[in-house]
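Remarks on the overall topology
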Amino acid sequence: MSVIPDHLLNRTFEPRSHRYSESDTMLYALGCGLGADPQSAGQLRYVYEGVRGGLCALPTLANILGYQGFWADQPDTGIAWRKLVHAEQKIELQRPLPASGHVIGASRVVGLHDKGPDKGALMLQDRTITDAASGDLLATVTQTTMLRGDGGFGAAYGASHGLAPLPAHHLPNRTPDAVCELSTLPQAALLYRLNGDRNPLHADPAVAREAGFSRPILHGLATMGVALHAVLRALLGYDSSAVRGMRVRFTAPVLPGDTLRTDAWRDGNLISLRTTAVERDVMVLSAGRIDLSD
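Residues numbered from 1 in each chain as written. Predicted model: local features only at pLDDT ≥ 70, side-chain atom pairs only at ≥ 80, totals over all residues. Heavy atoms only, no water.

1. Some words on the nonpolar core
By size, the foremost hydrophobic cluster in this structure holds 52 residues, and its most contacted members are Leu34, Leu58, Leu61, Ala62, Leu97, Met246 and Ile290. The leading source of residues in this core is helix 6 (residues 220-235), at 9 residues. Aside from chain neighbours lying at most four places away, what touches leucine 97 is Ala57, Leu58, Pro59, Leu61, Ala62, Leu65 and Leu138. Core analysis: the next-biggest nonpolar cluster, separate from the first, contains 16 residues, Phe13, Ile79, Met123 and Val207 among them. (Core = buried A, V, L, I, M, F, W, Y, C linked by side-chain atoms within 4.5 Å. Buried < 20%, exposed > 50% of the residue type's maximum accessible area, 1.4 Å probe, protein only. Helix = DSSP H or I, 4+ residues; strand = E, 2+ residues; numbered from the N terminus. Contact = heavy atoms within 4.5 Å.)

Given below as structure tokens:
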């Protein structure tokens, strides 16, 4: 079966009722590398419930709240799921996320963009996250996935349906204001997948080889979390209360165990960033930005 655009665009996703605890919030932060220095008071704010003022949730926790789980391998999608890779992720927050709660995630496919028979296609999805009790919007998550094995279904002027991919955020043309290197664990992907993304690409060596990788790769969203950690450490004193949005493009996979160097520039309430896997000298995140409240 091949991708049928109208089917994907009209595919129904049941709203996801998601109750999460402080333990879930801490597990997520640990999966992004927080707590690597257990003596750091800043890191403990995200991984220890006993800190003064209470546990804080990383803003990128929004990426897993109300998440449907990995669904592209379902027979009705027609997606060559072993070949898909995460291309871009964006989150928008109305306010800091609570460290525990009950939320509803509503997901949909909003766009498909054919790049050609040999070039694959882009699939755009969004998810709203609302408080289950009040109905208040907490966050919006927008995801772009590269379907490397699914191009050629036909598109007028490069976009057959829905929204066009966002233009890239341009990084400043000057020396970074801050540089931060953080190590990832060899078992980082096995740890991060416990947050709900059970795509075997991140755990099964055979599946990874079928997808064209030498070994299981780290989730792009884990890399995004590590980059946020770097910015919190280097520019924000581990205070994430002003973060209202983050957007990154995934340019190359991270191998668990890589050291990640994040270059960051601050211009008022905008922080620009890029991340490189140091040992392999490969840029893994580009065109990144974090938006802060006033």
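Moving on from the model shown.
2. Overview of the confidence of the model for the protein
Mean pLDDT over the protein: 92, with 96% of residues reaching 70 or higher. pLDDT under 50 marks residues 156-162. Its contacts with residues more than four places away, or in other chains, come to 16 contacts. (pLDDT = per-residue confidence, 0-100.)

3. Considerations on unusual backbone geometry
Phi is positive for tyrosine 238, close to 60 degrees, though the residue is something other than glycine. Since its relative accessible area comes to 8%, tyrosine 238 is described here as buried. The backbone of aspartate 281 sits at a positive phi, close to 50 degrees, despite the residue not being glycine. Along the chain, aspartate 281 falls in the loop between strand 10 (270-277) and strand 11 (282-292). According to the relative accessible area criterion, aspartate 281 is exposed, its value standing at 63%.

4. Concerning the pattern of salt bridges
Summed over all chains, the structure comprises 11 salt bridges. Arginine 108 is the partner of aspartate 126 in a salt bridge, and the nearest nitrogen-oxygen pair spans 3.0 Å. Placement of aspartate 126 in strand 4 (residues 120-131) and of arginine 108 in strand 3 (residues 101-116) is noted, with a sequence separation of 18 residues between them. On the basis of relative accessible area, aspartate 126 is assigned to the buried category, the value being 14%. What makes arginine 108 partly exposed here is its relative accessible area of 49%. Between arginine 261 and aspartate 263 there is a salt bridge whose closest N-O contact spans 3.6 Å. Here arginine 261 falls in the partly exposed class, since its relative accessible area comes to 25%. Look at aspartate 263 and you get buried, because its relative accessible area is 5%. Shared partners join several salt bridges into a network, and the residues in it are Glu88, Arg247 and Arg249. (Salt bridge = Lys/Arg side-chain N within 4 Å of Asp/Glu carboxyl O.)

5. Some points on helix 6
Taking 1.5 Å per residue as the helical rise, helix 6 with its 16 residues ought to reach 22 Å, and the 22 Å between its terminal C-alpha atoms agrees with that figure. The buried fraction of helix 6 is high, at 13 of 16 residues. Remark: glycine 237 follows helix 6 within two positions and exhibits a positive phi of approximately 55 degrees. (Expected span 1.5 Å × (residues − 1).)

6. Overview of the packing of aromatic side chains
Evaluated as defined, the whole model comprises 3 aromatic pairs. Aromatic side chains phenylalanine 13 and tryptophan 71 sit 4.9 Å apart centroid to centroid with 75 degrees between the ring planes, which places their arrangement in the edge-to-face category. Residue phenylalanine 13 is located in the loop between helix 1 (5-9) and strand 1 (16-20), and its partner tryptophan 71 is located in the loop between helix 3 (41-47) and strand 2 (84-93); the two are separated by 58 residues in the primary sequence. Aromatic side chains phenylalanine 70 and tryptophan 81 sit 5.9 Å apart centroid to centroid with 70 degrees between the ring planes, which places their arrangement in the edge-to-face category. Within this pair, whereas phenylalanine 70 is found in the loop between helix 3 and strand 2, its partner tryptophan 81 is found in the loop between helix 3 and strand 2, the two being separated by 11 residues in sequence. Take phenylalanine 70 and tryptophan 81: they sit in the same class, and that class is buried. (Phe/Tyr/Trp six-rings, centres within 6.5 Å; stacked < 30°, edge-to-face > 60°.)

7. Quick notes on the environment of glycine 225
Among the structural elements, glycine 225 can be located in helix 6. Residues glycine 225 and asparagine 199, 26 residues apart in the sequence, show an inter-C-alpha distance of 18 Å. When sequence neighbours within four positions are dropped, the list of residues in contact with glycine 225 reads Tyr28, Cys32 and Thr60.

8. So, the side chain of aspartate 114
For aspartate 114, the position within the fold is in strand 3. There is no salt bridge for the buried aspartate 114, and the closest opposite charge comes from lysine 115, which lies 8.8 Å off by N-O distance. Among the polar contacts listed, one links the side chain of aspartate 114 to the backbone nitrogen of glycine 152, at a separation of 2.8 Å. Among the polar contacts made by the side chain of aspartate 114, one reaches the main-chain amide nitrogen of phenylalanine 153 at a distance of 3.2 Å. (Lys, Arg positive; Asp, Glu negative; His and termini not counted. Polar contact = N/O pair within 3.5 Å; in protein donor to acceptor, adjacent residues only side chain to side chain.)

9. A closer look at the pairing of strand 3
Bridging between strand 1 and strand 3 involves 5 bridges; their strand directions are antiparallel. The partner of arginine 16 across the bridge, within strand 3, is glycine 105. Both strand 3 and strand 4 contribute to a ladder of 12 bridges, which runs antiparallel. The partner of aspartate 114 across the bridge, within strand 4, is alanine 121. Joining the antiparallel neighbours strand 3 and strand 4 is a turn of 3 residues. (Pairing = 2+ DSSP bridges.)

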